[in-house]
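Structure assessment
Residues per chain, in single letters:
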Amino acid sequence: MGLDIEANKELVEEILEAYPVKARKDRQKHFQVSTQEAIDCGTCAVKSNIKSRPGVMTPRGCAYAGSKGVVWGPIKDMVHISHGPVGCGQYSWGTRRNFANGTLGIDNFTAMQVTSDFQETDIVFGGDKKLEVIMREITEMFPLAKGISVQSECPVGLIGDDIEAVSKKMSKELDMPIVPVRCEGFRGVSQSLGHHIANDAIRDFVMGRAELAETGPYDVNIIGDYNIGGDAWASRILLEEMGLRIIAQWSGDGSLNELEVAHKAKLNLIHCHRSMNYMVDHMEKAYGIPWIEYNFFGPTKTYESLRAIAALFDETIQENCEKMIAKHKPVMDAIINKFKPRLENKKVMLMIGGLRSRHTIGAYEDLGMDIVASGYEFAHKDDYEKMLPMLNEGTIVMDDPTAYELEELTQRLGVDLVGSGVKEKYVYHKMGVPFRQMHSWDYSGPYHGFDGFKVFAKDMDMTVNSPVWNLVNKKEKIQPEGASI
Ligand code: SF4
């Protein structure tokens, strides 16, 4: 599908006219309309990974969200202390659907809020002593916890606390790994630096601390799959069916031991490159482990990825891979035949974090849907350069788009489906535009792998073709003149 490049460039300019001059000039740099030249060479002109403008309603979160919320929080057998005042831990409590096996509060601590709940005295006199007490309490209350992480909130770095010294001392006293993470929300410009800081903490405090009893030629790690709605499980069964052995899953349904033994793998399979590229780079340099980026959204990308992974192993794995694809393809074709006629040519706009704005494109295209605009909250230049070749000419690429920009684009482009987050969702419902949450899967999922595509196709159809949209539009039409909705 070709979009009108010039018309879309003008559209972006028109939308940005609402800003004061300085803000407009800044926001212009965060937009690009894809052209054949840019698609061919993947050249990205979009400014990314720089500070958000004040007062424009950015969709971004902070470094604490990137570290505790994304990377460390899913490690199920460690207790993660949200260190600071009560809010950050409370708002991130159980909201990210990183599923994990185990019994909550016994050997799984993922959906819990453990906080030092700073009071004024902690700000004035420091929170280090309190942190020691909390660590002792954790080992008494949760004897099956294998380790502790300290996830710093904003004040910790501002008042000069030494969480590294406390962690070192208490790690000896309690005889368990204790990981200090300097992910205060004022660091960096988004969740992204939180990922990097969290990766460095894995490297510095747990990497390579344990050994595997047995190693084999097919040992691999799944890196950067947070098991949202069971995604990593839906991916893992495919890799296992192909004959590979997963020795670590980072970090959805992951354990401390899986962080400690991952250096024994023969290959790193990385799904979310943005959040964990630092670790695969480190493991390549320090342990000689190669890595490959893969995409398990939609059958086309899943076939491509399985074949690319199999090509790095022997004929046994390659034969298994082809057998597996031959087995699943008729089922995937049947799903496409069922849903494509209901979704074909529908216009989709995506705005997600640092991966899915490009990784889910293939799954929509398998259903005949067209991406007309796509943007990230906190991606870097390399993410945009990977996204561009996946787009049609004329697609609007946007970085850190504001609430106003997204609403205007949706209306002016006549978008049929918006895929974004919970902050956006209800605005679009009120506008009468179908919306799917593409972070939480709208409490559905998994979306990864072959099992995931069955759920994905059903969810998109259920949303786009829901009769409710006719009722919303009808209500608008029957409003008496001058009445406001
Ligand atoms: S910016 Fe600071 S206060 Fe806000 S959520 Fe992040 S760590 Fe907490």
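Residues numbered from 1 in each chain as written. Predicted model: local features only at pLDDT ≥ 70, side-chain atom pairs only at ≥ 80, totals over all residues. Heavy atoms only, no water.

In the annotation of an unreviewed UniProt entry, the protein is listed under the name Nitrogenase protein alpha chain and assigned to Paenibacillus monticola. Regarding the protein, the relevant UniProt record gives this comment under Subunit (unreviewed entry): "Tetramer of two alpha and two beta chains. Forms complex with the iron protein (nitrogenase component 2)." (UniProt positions renumbered as here; feature names shortened; annotations may be inferred.)

**Some details on the overall build of the protein**
The helix and strand inventory of the protein stands at 22 helices and 14 strands. In terms of overall size, the protein behaves like a compact globule, its C-alpha atoms giving a radius of gyration of 23 Å where 485 residues would be expected to give roughly 23 Å. The dimensions of the protein, computed from C-alpha atoms along their principal axes, are 70 × 60 × 40 Å. Scored against the burial criterion, the 485 residues of the protein give a buried share of 56%. Residue pairs at least 24 apart in sequence account for 72% of intrachain contacts in the protein once pairs closer than 6 positions are excluded. When the accessible surface of the protein is split by element, carbon and sulfur atoms take 54% of a total near 20,100 Å². The averaged location of the 68 negative side-chain charges in the protein is 2 Å from the averaged location of its 55 positive side-chain charges. (Helix = DSSP H or I, 4+ residues; strand = E, 2+ residues; numbered from the N terminus. Rg over C-alpha atoms; globule rule 2.2 N^0.38 Å. Buried < 20%, exposed > 50% of the residue type's maximum accessible area, 1.4 Å probe, protein only. Contact = heavy atoms within 4.5 Å. Areas by Shrake-Rupley, 256 points an atom, 1.4 Å probe, with all protein chains shown as cover. Lys, Arg positive; Asp, Glu negative; His and termini not counted. Charge placed at Lys NZ, Arg CZ, Asp CG, Glu CD.)

**Quick notes on the pairing of strand β13 (residues 417-420)**
Side-chain alternation along β13 places L417 and G419 on one buried face and V418 and S420 on a second face that is also buried. Two strands pair when backbone bridges link them, and strand β10 (residues 347-352) and β13 are joined in this way by 3 bridges, in the parallel orientation. Note on β13: the bridge partner recorded for V348 is L417. Note: β13 against strand β14 (residues 435-437), 3 bridges, orientation parallel. (Pairing = 2+ DSSP bridges.)

**Considerations on the nonpolar core**
Counting residues in hydrophobic clusters, the biggest one holds 89 residues, and the most contacted among them are W72, L239, M242, W250, L306 and Y364. Top contributing element to this core by residue count: helix α15 (residues 315-343), with 9 residues. In this structure L306 touches L238, L239, M242, F296, C321, M324, I325 and F450, once residues within four positions along its chain are discounted. Formed by 25 residues, the second largest nonpolar core is a distinct cluster that contains V33, M351, L409 and V433. (Core = buried A, V, L, I, M, F, W, Y, C linked by side-chain atoms within 4.5 Å.)

**Structural notes on the sheet that holds strand β1 (residues 31-33)**
Ordered by their spatial adjacency, 6 strands build an open sheet running β1-β12-β11-β10-β13-β14, and the pairing between neighbours is mixed. Looking at which strands have only one partner, the edges of the open sheet turn out to be β1 and β14. Looking at each pair of strands side by side, their axes are set apart by 15° on average, direction ignored. Bridge analysis of strand β11 (residues 370-376) against strand β12 (residues 396-399) gives 4 bridges, and the strand direction is parallel. In the sheet register, A373 faces β12, and the bridge partner there is I396. Each of β1 and β12 touches helix α1 (residues 5-16); the most contacted strand, β1, lies at about 160° to it. Sitting on the sheet, helix α21 (residues 449-464) touches β13 and β14, and the angle it makes with β14 is about 145°. (Axes fitted to C-alpha atoms, helices over the stretch in contact; angles between N-to-C directions.)

**Some details on the UniProt feature "domain: Nitrogenase/oxidoreductase component" (unreviewed entry) in the protein**
Mapped onto this numbering, the UniProt entry gives "domain: Nitrogenase/oxidoreductase component" (unreviewed entry) at residues 62-464. Structurally, residues 62-464 is divided into 48% helix and 16% strand, and its ends, taken at the C-alpha atoms, are 32 Å apart.

**Concerning the pattern of salt bridges**
Under the criterion given, the structure shown has 36 salt bridges. The closest approach of N and O atoms between K425 and D442, which form a salt bridge, is 2.9 Å. Placement of K425 in helix α20 (residues 422-431) and of D442 in the loop between β14 and α21 is noted, with a sequence separation of 17 residues between them. Like D442, K425 is buried. Counted as one network, the salt bridges with shared partners bring together R274, E293, R358, D382, D383 and K386. (Salt bridge = Lys/Arg side-chain N within 4 Å of Asp/Glu carboxyl O.)

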